[in-house]
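What the coordinates show
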Amino acid sequence: MSEFITAQPAPTTSTLPAGLAPAGAPEERRTREPLVFGGIPEADGWVLAPITPRDRVHFRTDRELPLAEFRAAFPADVTVTHDEGDGLYRVDGQPGTGDELAALTRAWCASHGYATVGLRPETGVRRRAPRDLPPAFLDGLCRHYCRVSLKRLQRNMSTIRLHLPDNDDVDQQVAEWVLKAVATYDEVKGVPFGAFLATQLSKWVHDLGRNAYGRTAADTENKQQKAIASFTAEHQRRPSEKELAAYMGQSVATLRRNSQTVATLNGLRNLQSLDGGADAVEFVVPDSAEVPDEIMGEAEQTLLSHALTAACAPDPTARRDQRAAQPNVLGWATWYLTTWGGQTKTQLSADLNTSVRNMNVHADRAEQALKARLSELGG
């Protein structure tokens, strides 16, 4: 963003009808003054780039696309975005161009060796391109609402830190959320942008866990944590297993099964700390001629497990906006639980409430990195 632009309030007053003014109160009362960004009142800024309907193509791919090269294949008025969290690509164009954009997307991906998953056009999607707003207005608005968002998210920061431990990553994610809200905010509905942003932030924070670990698992953890906090506040102590089950209206068996899911999530969150650093454990493959077969088998499993964890951990050399900068949790879970956990992909798909196709995409990423890790160890 360009040089910092302070949001200046524009002085306004409103007058209540004499019959509605409280007794003893002056008839003229000051209301909250509107914000001004880049010399433009906030309400006027939205009018300069109103939200409009457009056609959109959604799809995923078997591996990450070179975004700049892919964008170049479309006309200048087409917008291409990629959600790192769920791997979803979106191509937005003018109304009536959905089928054409879908055909162009299929053709480009096929000619460059990428397989598309779930590609479909959608009409009537209401969006605005943030770049259509005056630059000074957008700069001031984003700076102001990024600060507001960070303050509002303080109560959710423990959840955010599970996924974004670095302050710079948190700041970048909040900025992306503000821009996402700018793109979807519909000013004609009469809801202030700040109120709209607040409701979206609550949803997007929860989506961090859903995108990383699956909707069912993340929702299970959230409900269990809320129940424990509520019981503790009411009784001034943590609940026992039976008390928590009764409080949540579940059987003890269901609670235990859900608690295992939550425990699995907590284990997966430690992916980044399991690989690298001065205290990292080095695994040495024993000489098979000197070690019994059953011990050798355990050593091989240990080696493979360690290599898988390292392959799915974040790449410290990747840019923050790249998929490799985030742990490949779904790929790790798919490999580990189907290899050593005795689960099928169908079972795991039902447990995590995600598609087998999505699991395969993440598992393929893990496989490529795993092969490289094993090659390094073998060398």
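Here the structure is shown first, and the text comes after it.
Computed from a predicted model, the values in this text were never measured in an experiment. (Residues numbered from 1 in each chain as written. Predicted model: local features only at pLDDT ≥ 70, side-chain atom pairs only at ≥ 80, totals over all residues. Heavy atoms only, no water.)

Quick word on the side chain of Thr105
Locating Thr105 in the fold gives a position in helix 3 (residues 98-111). A polar contact of 2.8 Å, which involves the side chain of Thr105, links it to the backbone oxygen of Leu101. For Thr105, the residues in contact, after removing those within four places along its chain, are Phe59, Phe70, Phe74, Val91 and Leu119. (Helix = DSSP H or I, 4+ residues; strand = E, 2+ residues; numbered from the N terminus. Polar contact = N/O pair within 3.5 Å; in protein donor to acceptor, adjacent residues only side chain to side chain. Contact = heavy atoms within 4.5 Å.)

Some details on the packing of helix 4 (residues 135-152) against helix 6 (residues 167-184)
Between helix 4 and helix 6, the shortest axis-to-axis distance is 9 Å and the interhelical angle comes to 120 degrees. As the angle between them shows, helix 4 and helix 6 are arranged oblique. Remark: the crossing between helix 4 and helix 6 carries right-handed chirality. Listed contacts from helix 6 to Leu138, Leu141, Cys142, Tyr145, Cys146, Ser149 and Leu150 of helix 4 are Val170, Asp171, Val174, Ala175, Val178, Leu179 and Val182. Its residues assigned to classes, the contact of helix 4 with helix 6 shows 12 nonpolar, 1 polar and 1 charged. (Axes fitted to C-alpha atoms, helices over the stretch in contact; angles between N-to-C directions. Parallel < 35°, antiparallel > 145°, perpendicular 65-115°, else oblique. Left-handed = near helix turned anticlockwise from the far one by under 90°. Nonpolar A, V, L, I, M, F, W, Y, C, P; charged D, E, K, R; others polar.)

A closer look at the pattern of salt bridges
Taken as a whole and judged by the stated rule, the model has 7 salt bridges. Between Arg126 and Asp186 there is a salt bridge; the shortest N-O distance is 3.3 Å. In this pair, Arg126 sits in strand 8 (residues 116-127) while Asp186 sits in the loop between helix 6 and helix 7 (193-213), placing the two residues 60 residues apart along the sequence. With relative accessibility at 37%, the residue Arg126 sits in the partly exposed group. Since its relative accessible area comes to 10%, Asp186 is described here as buried. (Salt bridge = Lys/Arg side-chain N within 4 Å of Asp/Glu carboxyl O. Buried < 20%, exposed > 50% of the residue type's maximum accessible area, 1.4 Å probe, protein only.)

Quick word on the side chain of Ser149
With respect to the helices, strands and loops of the structure, Ser149 is situated in helix 4. Excluding its chain neighbours within four sequence positions, the residues that come into contact with Ser149 are Val174, Val178, Leu197 and Leu201.

A closer look at helix 6
Between its first and last C-alpha, helix 6 extends 26 Å over 18 residues, near the 26 Å set by a 1.5 Å rise per residue. All of the buried residues in helix 6 are Asp169, Val170, Gln173, Val174, Trp177, Val178, Ala181, Val182 and Ala183. (Expected span 1.5 Å × (residues − 1).)

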